[in-house]
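Okay, here's what each chain looks like letter by letter:
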Amino acid sequence: MSASVAVIMGSRSDLPILEGAFKMLDRFGVSYTARVLSAHRTPVEAAEFASGAEAAGYKVIICAAGMAAHLGGVFAAHTVLPVIGIPVASEPFNALDSLLSFVQMPPGIPVATVTAGKAGGKNAALYAISILALGDAKLREALKAFRKEQADAVLKADAELQTELKKD
Ligand code: RP5
């Protein structure tokens, strides 16, 4: 069976940003493929992968890249599958350059962009999972359970804080 999500990074140096994404996809039992493909350094291979992604059975594509990050745009130009972009921070403009590269898509070719860094990696995976959950009731229930678990952790932290504050 083919993987549901393709996770593409512009460089191997982007890998740490994607650790949270892999963790989330694993947690939800969502199959994925991870590849290093660059919009600038391997434009032919990137375009080939994107063009064949639908036929290969992928449902969502996640692209992480830094600097003049055209990876998400190039992928979105070659497929109608949803593309989620994760800006990666690099010198000297931090993540502003890659954020704008992902966000500033011309009308007609969208790239859904999450925040930069590790939070972006986690959220990109969760967003991909929520897209897949549209056609998968079990996955939708698992997402609801995850949200509840998260809420419970916040409520527990709040209860603990109240107890600590009362001590003084
Ligand atoms: C981008 O250039 C990559 O996505 C990476 O974030 C950045 C720097 O790449 P390396 O020089 O670390 O390979 O294409």
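The model shown is predicted, which means the values in this text are computed figures rather than measured ones. (Residues numbered from 1 in each chain as written. Predicted model: local features only at pLDDT ≥ 70, side-chain atom pairs only at ≥ 80, totals over all residues. Heavy atoms only, no water.)

## What about the sheet that holds strand β2 (residues 32-36)?
Read from one edge of the open sheet, five strands run β2-β1-β3-β4-β5, paired in parallel fashion. Only two strands of the sheet have a single partner each, and these edge strands are β2 and β5 (112-113). Where strand β1 (residues 5-9) and strand β3 (residues 60-66) come together, five bridges link them in parallel fashion. Note that in β3 the partner of valine 7 across the bridge is isoleucine 62. Packing of helix α3 (residues 71-78) onto the sheet brings it into contact with β1, β3 and β4 (83-88), and relative to β3 it is tilted by some 150°. (Pairing = 2+ DSSP bridges. Helix = DSSP H or I, 4+ residues; strand = E, 2+ residues; numbered from the N terminus. Contact = heavy atoms within 4.5 Å. Axes fitted to C-alpha atoms, helices over the stretch in contact; angles between N-to-C directions.)

## Some words on the pairing of β3
For β3, a buried count of six out of seven residues is recorded, marking the element as mostly surrounded by other parts of the structure. Inspection of the sheet shows β3 paired to β4 by six bridges, in the parallel sense. By the bridge assignment for β4, alanine 64 is matched with isoleucine 86. As for the winding sense of the linkage, the β-α-β connection from β3 through α3 to β4 is right-handed. (Buried < 20%, exposed > 50% of the residue type's maximum accessible area, 1.4 Å probe, protein only. Right-handed = clockwise from strand over helix to strand, strands pointing away.)

## Re the domain arrangement of the protein
Structurally, the protein comprises domain 1 (5-135) and domain 2 (137-168). Facing twelve residues of domain 1, the contacting portion of domain 2 comprises seven residues. Regarding the contact of domain 1 and domain 2, the summed buried area is about 750 Å², with carbon and sulfur atoms giving 70% of it. Among the residues domain 1 hides against domain 2, the three largest losses belong to Arg27, Phe28 and Ala133. Together they make up 60% of the total. The interface formed by domain 1 and domain 2 holds one salt bridge in total. Note that arginine 27 and glutamate 149 form a salt bridge whose closest N and O atoms lie 2.9 Å from each other. Remark: the boundary between domain 1 and domain 2 carries three residue pairs in polar contact (both at pLDDT 80 or more). Counting residues per element, the ones that place at least two in the side of domain 1 that touches domain 2 are α1 (15-27) and α5 (117-133). Sorting elements by how many residues they give to the side of domain 1 that touches domain 2 places α5 first, with six residues. For the side of domain 1 that touches domain 2, the residue count by class is eight nonpolar, two polar and two charged. (Domains from an automatic or database assignment. Buried area = accessible area lost by both parts, 1.4 Å probe. Salt bridge = Lys/Arg side-chain N within 4 Å of Asp/Glu carboxyl O. Polar contact = N/O pair within 3.5 Å; in protein donor to acceptor, adjacent residues only side chain to side chain. Nonpolar A, V, L, I, M, F, W, Y, C, P; charged D, E, K, R; others polar.)

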